[in-house]
Amino acid sequence: LTMNKTALTLLQSVESILIPSMLMLYYNNSDTSLSMFGTLTGIVLPFIMFPNTLTGALSTILLPTISAANAVTDQSSISKITNKSITFCIFIGLLSSGLFLTFGRELGEIIFNSIESGTMLLYMAFLCPFIYTSSSLSSIINGLGKATTNLLYSIIAISIRLGFILFAIPVMGLSGYIIGLYISYALLII
């Protein structure tokens, strides 16, 4: 688990370092590039991740619960807990998506006086169910004693995002990154 966290933190750091550089290739202006990166990381992602506090707490509880059920090979409990947690995460995700689709533009404009942040919230609204469910599934996989498998899945997902950062952002701007987020989270959940 420590190796998982270390590897993921390292890869996420690379991701954060590359995004502004690739945005510079797209916008050809460092001020605009840093402004867009700041809007993404300082405004939009905190909004998107805020409901993840609920699903993150669930994920923390899932690991020992699944691990205990796995130790006594109680497949019924594992299945029941997994289904309930996935249902809860999807429910919170869809609720959040609906909130951001309905009020995303207004949230960005009213709270931060930023049209770009409101637009990005709209584009990223449907990420919520994917992000929230992936954290629970990650804990379930770890609880089943498959931390190496979980690390492999996470590295593949981040590698996909890195590919989109390197190849899509210079051509499409932040839209390329957002598409990469959707694809990587969808594949991670599958």
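Moving on, we come to the overall build of the protein chain. Counting its secondary structure elements, the protein chain contains nine helices and zero strands. Listing every helix and strand of the protein chain by position from the N terminus yields α-α-α-α-α-α-α-α-α. Here the C-alpha radius of gyration of the protein chain, 18 Å, is about what a compact globule of 190 residues would show, namely 16 Å. If you line up the protein chain on its principal axes, its C-alpha atoms span 60 × 35 × 20 Å. Summarising the internal contacts of the protein chain: among those between residues at least 6 apart in sequence, 74% fall at separations of at least 24. Of the roughly 9900 Å² that the protein chain leaves accessible, carbon and sulfur atoms contribute 69%. Taking the average place of the 6 positive charges on the side chains of the protein chain and the average place of its 6 negative ones, the gap between the two points comes to 19 Å.

With 16 residues, helix α9 (residues 174-189) should reach 22 Å at 1.5 Å per residue; the first-to-last C-alpha distance of 23 Å fits that figure. Of all the positions in α9, only Leu174, Gly176, Tyr177, Ile178, Gly180, Leu181, Ser184 and Tyr185 are classed as buried.

This brings us to the side chain of serine 97. Tracing the backbone shows serine 97 in helix α4 (residues 75-112). A distance of 2.6 Å separates a polar atom in the side chain of serine 97 from the backbone oxygen of alanine 125. Beyond its immediate chain neighbours, meaning those up to four positions away, serine 97 contacts Ala125, Phe126, Cys128 and Pro129.

Moving on: the pattern of salt bridges. Under the definition given, this model contains one salt bridge. Among the salt bridges present, the one from arginine 161 reaches glutamate 15, with a minimum N-O distance of 2.8 Å. A residue pair is termed long-range when its members are at least 10 positions apart, and arginine 161 in helix α7 (residues 147-167) and glutamate 15 in helix α1 (residues 2-27) qualify at 146 residues. This pair shows no difference in class: arginine 161 is buried, exactly as glutamate 15 is.

Moving on to the packing of helix α6 (residues 127-143) against α9. Viewed as axis vectors pointing N to C, α6 and α9 meet at an angle of 40°, and their least axial separation amounts to 9 Å. Between α6 and α9, the interaxial angle falls into the category oblique. α9 is crossed by α6, and the crossing has left-handed handedness. Of the residues in α9, those touching α6 at Leu127, Pro129, Phe130, Ile131, Thr133, Ser134 and Leu137 are Leu181, Tyr182, Tyr185, Ala186, Leu188 and Ile189. The residue inventory of the contact of α6 with α9, partitioned by class, reads eleven nonpolar, two polar and no charged.

What follows is about the packing of aromatic side chains. Per the counting criterion, the structure on display carries four aromatic pairs. Consider the rings of phenylalanine 47 and phenylalanine 112, whose centres lie 5.9 Å apart with planes at 90°: the pair is edge-to-face. Of this pair, phenylalanine 47 sits in helix α2 (residues 30-49) while phenylalanine 112 sits in helix α4; the two residues are 65 residues apart in sequence, bridging distant segments of the chain. Relative accessible area serves as the criterion here: at 36%, phenylalanine 112 is assigned to the partly exposed category. Among the aromatic residues, those joined into a ring-pair cluster are Phe47, Phe100 and Phe112.

A few words on the confidence of the model for the protein chain. Of the residues in the protein chain, 100% have a pLDDT of 70 or more, and the chain-wide mean is 93. Highest mean pLDDT in the protein chain belongs to helix α8 (residues 169-172) (97); lowest belongs to helix α3 (residues 52-71) (90).

Our next topic: α6. Across its 17 residues, α6 extends 25 Å between first and last C-alpha, which sits within 8% of the 24 Å expected from 1.5 Å per residue. Where burial is concerned, most of α6 is hidden: 13 out of the 17 residues are buried. Count one or two residues on from α6 and you reach glycine 145, which has phi positive near 80°.

What follows concerns the environment of isoleucine 81. Here isoleucine 81 is to be found in helix α4. Residues within four places of isoleucine 81 in sequence aside, it is in contact with Leu62, Thr65 and Ile66.

Cut-offs used in this document
Residues numbered from 1 in each chain as written. Predicted model: local features only at pLDDT ≥ 70, side-chain atom pairs only at ≥ 80, totals over all residues. Heavy atoms only, no water. Helix = DSSP H or I, 4+ residues; strand = E, 2+ residues; numbered from the N terminus. Rg over C-alpha atoms; globule rule 2.2 N^0.38 Å. Contact = heavy atoms within 4.5 Å. Areas by Shrake-Rupley, 256 points an atom, 1.4 Å probe, with all protein chains shown as cover. Lys, Arg positive; Asp, Glu negative; His and termini not counted. Charge placed at Lys NZ, Arg CZ, Asp CG, Glu CD. Expected span 1.5 Å × (residues − 1). Buried < 20%, exposed > 50% of the residue type's maximum accessible area, 1.4 Å probe, protein only. Polar contact = N/O pair within 3.5 Å; in protein donor to acceptor, adjacent residues only side chain to side chain. Salt bridge = Lys/Arg side-chain N within 4 Å of Asp/Glu carboxyl O. Axes fitted to C-alpha atoms, helices over the stretch in contact; angles between N-to-C directions. Parallel < 35°, antiparallel > 145°, perpendicular 65-115°, else oblique. Left-handed = near helix turned anticlockwise from the far one by under 90°. Nonpolar A, V, L, I, M, F, W, Y, C, P; charged D, E, K, R; others polar. Phe/Tyr/Trp six-rings, centres within 6.5 Å; stacked < 30°, edge-to-face > 60°. pLDDT = per-residue confidence, 0-100.

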